[in-house]
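Residue strings, one per chain:
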Amino acid sequence: MRDAFYSVADNFTKPGAEITDQLAYLASNRSVLVDFQTTLAAIASLQTVLTTGYTQEYVTLQPRNQSFITDRLTDSFAYINQTLVQLDKTLRQLQTAAAKAQQEAGANGQTIDMKIVREFISPRLINTLLNTIDRLPGAISPLIYSVHSPLAKLDKADSYISTAKGDIESALLQAHQEVVNFNGQIRQLKQETNDVIATISTAYRDQQTLSVDLLPKLKASINYQYELKMALDTFVDVASVPSIEEKTGLLNQTIAYYVSNSTTYDDDLVTVYGDRICPAMRAVVQVLIASGPYAAYCYSKYSHRVVDLAIHNFYDIGECYQLELNRLYSVSRLISNLISLATFNFADLFDNLSVCAAIQPCPGDCDPCVDTVSVS
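Residues numbered from 1 in each chain as written. Predicted model: local features only at pLDDT ≥ 70, side-chain atom pairs only at ≥ 80, totals over all residues. Heavy atoms only, no water.

### Comments concerning the nonpolar core
Ranked by size, the top nonpolar core spans 72 residues in total, and within it Ile19, Leu84, Leu87, Leu91 and Tyr160 carry the most contacts. Counting residues per element, the ones that place at least two in this core are α1 (2-28), α2 (37-52), α4 (68-104), α6 (123-211), α9 (241-290) and α10 (295-358). A per-element tally of this core places α6 first, with 22 residues. Counting contributing residues per domain, this core is built from domain 1 (1-121) and domain 2 (164-372), each supplying no fewer than three. Beyond its immediate stretch of four places on either side in the chain, leucine 84 contacts Ile19, Ile43, Leu46, Gln47, Leu50 and Leu136. (Core = buried A, V, L, I, M, F, W, Y, C linked by side-chain atoms within 4.5 Å. Buried < 20%, exposed > 50% of the residue type's maximum accessible area, 1.4 Å probe, protein only. Helix = DSSP H or I, 4+ residues; strand = E, 2+ residues; numbered from the N terminus. Domains from an automatic or database assignment. Contact = heavy atoms within 4.5 Å.)

### Structural notes on the domain arrangement of the protein chain
Entries for the protein chain in the domain assignment read domain 1 (1-121) and domain 2 (164-372). On a C-alpha basis, the centres of domain 1 and domain 2 stand 82 Å from each other. At the junction of the two partners, domain 1 supplies seven residues and domain 2 supplies eight residues. Summing both partners gives a buried area of about 620 Å² for domain 1 against domain 2, and 71% of it is carried by carbon and sulfur. Taken together, the connections running from domain 1 to domain 2 amount to zero salt bridges. (Buried area = accessible area lost by both parts, 1.4 Å probe. Salt bridge = Lys/Arg side-chain N within 4 Å of Asp/Glu carboxyl O.)

### Remarks on the pattern of salt bridges
Enumeration over the complete set of coordinates arrives at five salt bridges. Residue aspartate 158 is joined to arginine 2 by a salt bridge in which the shortest nitrogen-to-oxygen separation is 2.8 Å. Taken as a pair, aspartate 158 in helix α6 and arginine 2 in helix α1 lie far apart in primary sequence, 156 residues in all. Across the pair arginine 92 and aspartate 88 runs a salt bridge, and its minimum N-O distance is 2.8 Å.

### Quick notes on the environment of isoleucine 317
With respect to the secondary-structure elements, isoleucine 317 resides in helix α10. Placed 141 residues apart in sequence, isoleucine 317 and histidine 176 show a C-alpha to C-alpha distance of 9.4 Å.

Written out as structure tokens, the structure is:
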């Protein structure tokens, strides 16, 4: 867009400077035969530029299909062209009057008497020409404003984009760090939970060792097959090495799922910033540059909100991950409590089995004790 404005200025400056040079030449020329055609051609050249020379620039200078910039340029060009039309008309009248004066003087290339000059070239005509030339700077002023004002807004937009980009990238990095921290904490939680789960296997093996001498006596009881065997088999299902490995694998799989989701969300963050926040920032800048009637107001209202989207998103991510970690820690504490309860039950079971095994004879007198242990 900046290049388009530069193109507008350059394409206007070249024929405009040519008109200025030719007018200066006419004013300083003291010869009898004055060439008006070069000046008239320079005027026609600038008029062509104003009417048909900015087609491609107009396409570029209509962001979001808004024509505020090009409307102002068109109005400025029309105002300049009105002055050029008047200048062309006055110069042609002066050219005709000068030709008649020269013809009246004999058309011999000699200096024309001032009496003849005044007869054909009136002070009104000279005054009209001077007034028209005097209006040229004023006619160009709206064009200068129409170019300088959007260029200043472009500079402001560049500064905003640079600052906002830095703030958004900072928020994105912090959001990414939240993901990294979450992954690290959840892996640590997994290890701690697995360590707790492993303790039940150790307790189970200890109880198995202690029960080696007791179980043959209790198996002799006729009641062993009904309840106690089922209870002991349940303990094996819960606390044996294969069972613990299965539960550990399930926990690892669940944690891996969490980590995978958090990594995916990290990728989604880039998509959110690229597909949502960056287009919003670009739209705010385009509104400013488009120079509509509420451009400055809309820019002031929404430019900060775009950056706030990124910052608030970072805070929301942090709260979300912290909430999820709190839930996982609660699950870990629940697992620890269940492990403690199971370990206590192992110890309690061994004590009860020892009591039953001490009752003799067995089978026989120990049978009621076996029933009681099975129920408990």
